[in-house]
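The chain contents come next:
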Amino acid sequence: METGRDGNNDYGGQDLMSGNCADPLWLCPLCRGSLARTSGSLRCPQGHCFDYAREGYVNLLPVNRKRSREPGDSREMIDARRRVHVADLYRPLVDALARLLAAECGAAPVLLDLGCGEGYYSKCVQQALAPALLYGIDIAKPAVRLAAKTFPEGHFAVASAFAVPLPDASVDAVFCVFAPRSEAELARLVKPGGCFIEVSPGEHHLWELRQLIYDTPRPHKPPEAPAQGFAPLQPVRVQFDLPLRGSLLRDLLAMTPYAHGGQREHKSQLDNLDALDTRAEFLLSVYRRTG
């Protein structure tokens, strides 16, 4: 029996089950059959059963599809990102993302947060587009556990972006923030006329920070557009100042790939900084599903 049971309650608080009572759209990752809710589990017609964890998420990542024992972001990175998001440092970005989705979607859309992390963007977007139905997946179980605990109104699962356990043409919009994605899965999941929004770093995102880490920082390149099935729309650029103070400076560094790059002596100098003013720059690439 496959199970998503996870009794750990690492972040404290009460036990939760999903706030949505209707059967979710999740598919069985083993046979692709529909999953129906039975008490605290999801079961397909073939008898495969997946238990809800106490926090309200379900594990739909089969063991034989895991590339490592604990795939995805590390607990250190997840906790650092959570603290940055709790401080609302990226609030201008999530507000811009919510406005863009509201403009592109109809009433009560079905949304998928691809690589949802600890659920910050999931929660903010769903609340802005209520009564939207929000699904979120991530390969990192600790992140999904936290997302489900902090936002029980959403449907969350541990799953791969390259094998999303949702039906064909089942979502109105997919969005991903600094997360990997599969072109084939995007084309399969998004309804005709729906949209995909990818959030990526702008050319000079965190430039002042990167100048402290690298001798010669290079501008970020824009992401490649999906090759088939999507038409690009006008992208949106979001820029705002980030005054980083104290521990938030180290948290922001820990949640980015820069934590593992750059010259060691440069990073040691960064450890001694108490404050840094840098610039956040994001590109929101928008694509319409054409067929």
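Fair warning: this is a prediction, and the values are worked out from it, not measured in the lab. (Residues numbered from 1 in each chain as written. Predicted model: local features only at pLDDT ≥ 70, side-chain atom pairs only at ≥ 80, totals over all residues. Heavy atoms only, no water.)

> Can you help me understand the packing of helix α2 (residues 91-104) against helix α3 (residues 120-128) in this one?
Helix-helix packing is described using two parameters, namely the angle between the two axes and the distance between the axes. Two elements in contact, α2 and α3, have axes separated by 9 Å at closest approach and are oriented at 45°. The orientation of α2 relative to α3 falls into the category oblique. Pair α2 / α3 crosses with right-handed handedness. Along the contact surface, α2 presents Arg91, Leu93, Val94, Leu97, Ala98 and Leu101, while α3 presents Tyr120, Tyr121, Cys124, Val125 and Ala128. (Axes fitted to C-alpha atoms, helices over the stretch in contact; angles between N-to-C directions. Helix = DSSP H or I, 4+ residues; strand = E, 2+ residues; numbered from the N terminus. Parallel < 35°, antiparallel > 145°, perpendicular 65-115°, else oblique. Left-handed = near helix turned anticlockwise from the far one by under 90°. Contact = heavy atoms within 4.5 Å.)

> I tried to follow the layout of surface pockets on my own but got confused; where do I start?
If a probe as big as a water molecule is rolled over the atoms, it shows which places are left empty. Of the pockets and cavities examined, the largest pocket occupies roughly 940 Å³. Contributing to the lining of the largest pocket are 36 residues, with Asp73, Val177, Phe178, Ala179 and Pro180 lying nearest its centre. The set of elements that each furnish at least two residues to the lining of the largest pocket consists of α1 (75-86), β5 (110-114) and β6 (133-138). The greatest single-element share of the lining of the largest pocket, amounting to three residues, is contributed by α1. (1 Å grid on protein atoms, 1.4 Å probe; cavity = no way out; pocket = protein on both sides within 12 Å on 5 of 7 lines; lining within 4 Å. Points joined across faces, edges and corners; volume = space filled by probe spheres on them.)

> Explain the sheet that holds strand β1 (residues 36-38) here, please?
Paired through their backbone hydrogen bonds, the strands of a sheet run either parallel or antiparallel. Taken in spatial order, the three strands of this open sheet run β1-β2-β3, and their pairing is antiparallel. In this open sheet, the two strands that pair with only one neighbour each are β1 and β3 (49-51). Averaged over all pairs of adjacent strands, the angle between their axes in this sheet comes to 30°, without regard to strand direction. Taken together, the three bridges between strand β2 (residues 41-43) and β3 define a ladder with antiparallel strand orientation. From the neighbouring strand, Arg43 faces β3, where its bridge partner is Cys49. (Pairing = 2+ DSSP bridges.)

> Quick question: what am I supposed to make of the environment of Gly56 here?
In this fold, Gly56 is placed in the loop between β3 and β4 (58-59). Judged by its relative accessible area of 5%, Gly56 is buried. (Buried < 20%, exposed > 50% of the residue type's maximum accessible area, 1.4 Å probe, protein only.)

> Would you explain the nonpolar core in this entry?
Burial of nonpolar side chains together is a common tendency in soluble globular proteins. Counting 56 residues, the largest nonpolar core has Tyr90, Leu97 and Leu101 as the members making the most contacts within it. Among the elements that take part in this core, α2 stands out by supplying seven residues, more than any other. Excluding residues within four positions of it along the chain, Tyr90 makes contact with His85, Tyr120, Tyr121, His205, Phe240, Leu242, Leu252, Met255 and Phe282. Val110, Cys176, Ala179 and Leu189 belong to the second-largest nonpolar core, a separate cluster that totals 29 residues. (Core = buried A, V, L, I, M, F, W, Y, C linked by side-chain atoms within 4.5 Å.)

> What exactly am I supposed to notice about the UniProt feature "binding site: S-adenosyl-L-methionine" (unreviewed entry) in the chain here?
Taking the UniProt record as the reference, the feature "binding site: S-adenosyl-L-methionine" (unreviewed entry) is found at Tyr90, Glu118, Gly119 and His205. Set against the largest pocket, the annotated residues named above that line it are Tyr90, Glu118 and His205. Inspection of the secondary structure assignment puts Tyr90 in the loop between α1 and α2. Residue Tyr90 is classed as buried on the basis of its relative accessible area of 3%. Locating Glu118 in the fold gives a position in the loop between β5 and α3. Once you skip the residues sitting within four places of it in the chain, Glu118 turns out to touch Arg81, Arg82, His85, Ala143, Leu146, Ala147 and Thr150. One polar contact links Glu118 to Arg81, side chain to side chain, over a distance of 3.0 Å. (UniProt positions renumbered as here; feature names shortened; annotations may be inferred. Polar contact = N/O pair within 3.5 Å; in protein donor to acceptor, adjacent residues only side chain to side chain.)

> I tried to follow unusual backbone geometry on my own but got confused; where do I start?
The phi torsion of most residues other than glycine is negative, and most of the peptide bonds are trans. In this structure, the amide linkage connecting Ala130 to the following residue, Pro131, adopts the cis form with an omega of 10°. Despite not being glycine, Arg32 has its phi angle at roughly 65°, a positive value. Within the secondary structure, Arg32 sits in the segment before β1. For Leu206, which is not a glycine, the phi torsion comes out positive at approximately 55°.

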